[in-house]
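Observations on the model geometry
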Amino acid sequence: MLSTLRKLEKRKKQGVLASCISDLLPSPNEESVAVDAETAELKARVFDELLSRQGLRDEKGEIDKSKLLRALSDEMGAAMLEPSQISKVRDRVAEKGLLDASEYQIVFEQNFLSNIDSMSVTKGNVRSAIRTPDALTHLLPEDFPIAEGSAATTIALKRYGGPDGHTLLVLCRREKAVLHVSCAWRVFDADVGSTEMSTPLEVLRQFVERFGLRIRSGEFSGKFLWYQTIRTTMLFGGTNLFSIDEYVGSGRRVFATFVVHAIDPINHAVAVGFAIDLDAYRDAMRKHGFN
Amino acid sequence: MPRPFLYSTNPFIKLIINERFRKDLHYVWCGEHFDSKKHGSYSSVALTAPSSDPCVIYKQLAEDVARGDQHSAKIVQMRASLEKLAVTWRNSGDITPDEAEEIVYMVKQAPFANWRPLVYVIPYSTVASRLQLVPIGQRASMGVEYILPDLARNEFDIIEL
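Below you will find a few notes about this structure. Given the structure is predicted, the values throughout are model-derived calculations rather than measurements. (Residues numbered from 1 in each chain as written. Chains lettered and ligands numbered in written order. Predicted model: local features only at pLDDT ≥ 70, side-chain atom pairs only at ≥ 80, totals over all residues. Heavy atoms only, no water.)

What follows deals with the side chain of S217(A). Topologically, S217(A) is positioned in strand β6 (residues 215-217). Those residues within four positions of S217(A) in sequence are excluded, and the remaining contacts are I230(A), R231(A), T232(A), L241(A) and F242(A). (Helix = DSSP H or I, 4+ residues; strand = E, 2+ residues; numbered from the N terminus. Contact = heavy atoms within 4.5 Å.)

Shown next, in the form of structure tokens:
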């Protein structure tokens, strides 16, 4: 931290640095920063202090504006982000879905690990899809009645080309800077229709439409619940919030994922909910060469 | 006679920041020509300075991003500009103190891909009444430049070359 700024109040420090930066931006620059006499004096001292450092002038003694700007940017970073606050800021950025994909911690949910073989994916496949996705979307409707950390979701897509080209779809629950992997599926156009122009959410819908089972809860009957508030029948003695609403032969395996929060005894907010016919999915994967 | 389109080059991260923190209103500098070098040397368009030319900015930024240039003067400049804007917007009450911190965190941590350039293509007729002509003293050259302080996302298209 520059000694000129050390004793200044935080906002004053940031204002001085903002004004110094503004002076160095070439036209066209951005919105201007108002400067009073005291700030002008402080700015002059900031520039003097920075330029007394080695390496901010070239061999001819000319000021290297880019290096000076970088030094000011570094000072601004330090003035804005106190070390003790950085992880909190990072969590807020993460919850908004604005953190770079590479910065999220990946955690595999137990339900996913128990079914990973049936999904014909590996942990490495999933990490790759999240770290270097072809498409990635963070979702949480603003009007959804559940707090961000409990109901935010992230969908990552990784496209594989070639004759057996398909899309790997990964669905995660997002909690601050952690992505909890709920499930991952290989999605073939031959199974679900063209996905080339589809958004991650549309690919998930297409997949659930093809391999999902009908589910029922109270007034809801369908295959896919996505950020909906539903009236349920839990009040009448039911124990399971959802039931499969079609015939499933004995021994058939089902993968279900629900992120649900009770608003009151009757109304439930469902971030995501669907049930996949694992055997039908496995049959399709075998046809595509995945055992 | 005005041209049918205006052009502005901005990094991807700036688009996201304006979208998420500024209610999808974008503060842009723009010009009537994408590439001033494509115009005759006796045209006033040729007076546009490289630092104001959307094509030059695009190429420079794209090259720095492709090379992963840790010392890119363009990226340093844009990063510093966004940090400064975070303070300005917070002081004017456009964003909260928390949001200003989040913007600074994002630009500090942004991977190179988030600095990739985008060209905003803005139909002149939709924004004509809000265009602010940059006074010649503030321009980098004699070329005509405009400021649009409140460009809505549905008023421009984005292309990547």
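So, about the packing of helix α3 (residues 73-91) of chain B against helix α4 (residues 97-109) of chain B. Residue and element names in this part refer to chain B. Two elements in contact, α3 and α4, have axes separated by 9 Å at closest approach and are oriented at 175°. Between α3 and α4, the interaxial angle falls into the category roughly antiparallel. Across the interface between the two elements, R79, L82, E83, A86, W89 and R90 from α3 touch P97, A100, I103, V104, V107 and K108 from α4. Taken together, the residues of the contact of α3 with α4 sort by class into eight nonpolar, no polar and four charged. (Axes fitted to C-alpha atoms, helices over the stretch in contact; angles between N-to-C directions. Parallel < 35°, antiparallel > 145°, perpendicular 65-115°, else oblique. Nonpolar A, V, L, I, M, F, W, Y, C, P; charged D, E, K, R; others polar.)

What follows deals with the sheet that holds strand β11 (residues 267-277) of chain A. Residues and elements named next belong to chain A. Strand order across the open sheet formed by three strands is β8-β11-β10, with antiparallel pairing between neighbours. Each edge of the open sheet is held by one strand with a lone partner, namely β8 (225-231) and β10 (254-262). Between one strand and the next, the sheet's axes are offset by a mean angle of 30°, whatever the strand orientation. One ladder, built from nine bridges, connects β10 with β11; its direction is antiparallel. The residue of β11 that forms the bridge with F258 is G273. Against the sheet, helix α10 (residues 200-211) touches β8 and β11, its axis set at about 60° to β11. Set on the sheet, helix α11 (residues 278-287) makes contact with β10 and β11; between it and β11 the angle comes to about 45°. (Pairing = 2+ DSSP bridges.)

Below, the discussion takes up the pairing of strand β4 (residues 166-175) of chain A. Residue and element names in this part refer to chain A. Burial analysis of β4 places eight of its ten residues in the buried class, the great majority of the element. By the bridge criterion, nine bridges tie β4 to strand β5 (residues 178-187) in an arrangement that is antiparallel. Bridge pairing in β5 places L169 opposite W185. Here β4 folds back onto β5 in antiparallel fashion, the turn holding two residues, of which K176 has a positive phi close to 50°. (Buried < 20%, exposed > 50% of the residue type's maximum accessible area, 1.4 Å probe, protein only.)

This next bit is on the nonpolar core. Formed by 102 residues in total, the largest nonpolar core has its most connected members in V170(A), W185(A), W226(A) and F274(A). The greatest single-element share of this core, amounting to nine residues, is contributed by α3(B). Ignoring sequence-local partners within four residues, the contact set of W226(A) consists of L139(A), T153(A), I155(A), L171(A), L201(A), L204(A), R205(A), V270(A), A271(A) and V272(A). Core analysis: the second largest hydrophobic core is formed by 14 residues, L6(B), L15(B), V28(B) and L151(B) among them. (Core = buried A, V, L, I, M, F, W, Y, C linked by side-chain atoms within 4.5 Å.)

What follows covers the packing of aromatic side chains. Any pair of aromatic rings gets described here by the distance separating the centres and the angle formed by the planes. For the structure on display, the rule yields 13 aromatic pairs over all chains. In textbook terms, an aromatic cluster arises when at least three aromatic residues are bridged by ring pairs, as seen for W185(A), F207(A), F211(A), F255(A) and Y281(A). One Lys or Arg, R210(A), reaches over the ring of F211(A) and ends 4.3 Å from the middle of that ring. Here R116(B) stacks its cationic end above the ring of F12(B), 4.2 Å away from the centre of that ring. (Phe/Tyr/Trp six-rings, centres within 6.5 Å; stacked < 30°, edge-to-face > 60°. Lys NZ or Arg CZ within 6 Å of the ring centre and 35° of its normal.)

On to helix α1 (residues 12-21) of chain B. Residue and element names in this part refer to chain B. In terms of residue burial, α1 counts as a mostly covered element, since seven of its ten residues are buried. Taken together, the buried positions of α1 are occupied by I13, K14, L15, I16, I17, N18 and F21. Buried residues belonging to α1 abut β1 (5-11), β2 (25-30), α3, α4, β3 (117-123) and β6 (157-159). Where α1 terminates, the next one or two residues include K23, which has phi positive at roughly 55°.

Each partner contributes residues to the interface: chain A has 35 residues there, and chain B has 43 residues. Run the count over chain A and chain B and you get five salt bridges. The closest approach of N and O atoms between E101(B) and K10(A), which form a salt bridge, is 3.8 Å. There are eleven residue pairs in polar contact (both at pLDDT 80 or more) connecting chain A and chain B. Elements that contribute at least two residues to the side of chain A that touches chain B include exactly α2 (10-24), α4 (65-80) and α5 (86-95) of chain A. (Salt bridge = Lys/Arg side-chain N within 4 Å of Asp/Glu carboxyl O. Polar contact = N/O pair within 3.5 Å; in protein donor to acceptor, adjacent residues only side chain to side chain.)

Our focus in this paragraph is the pattern of salt bridges. Once their charged atoms are close, side chains differing in charge can pair, the charge on each being opposite to the other. Throughout the structure, instances matching the rule amount to 24 salt bridges over all chains. With its nearest N and O atoms 2.5 Å apart, the salt bridge here joins K96(A) to E102(B). Within this pair, whereas K96(A) is found in the loop between α5 and β1 (105-108), its partner E102(B) is found in helix α4, the two belonging to separate chains. Residue E102(B) is classed as buried on the basis of its relative accessible area, which comes to 1%. Residue D64(B) pairs with R67(B) through a salt bridge whose shortest N-O separation is 3.1 Å. In this pair, D64(B) and R67(B) both sit in helix α2 (residues 54-67), three residues apart, roughly one turn of the helix. For R67(B), a relative accessible area of 54% translates into the label exposed. Through salt bridges that share partners, K10(A), E82(A), R92(A), K96(A), D98(B), E101(B) and E102(B) make up one connected network.

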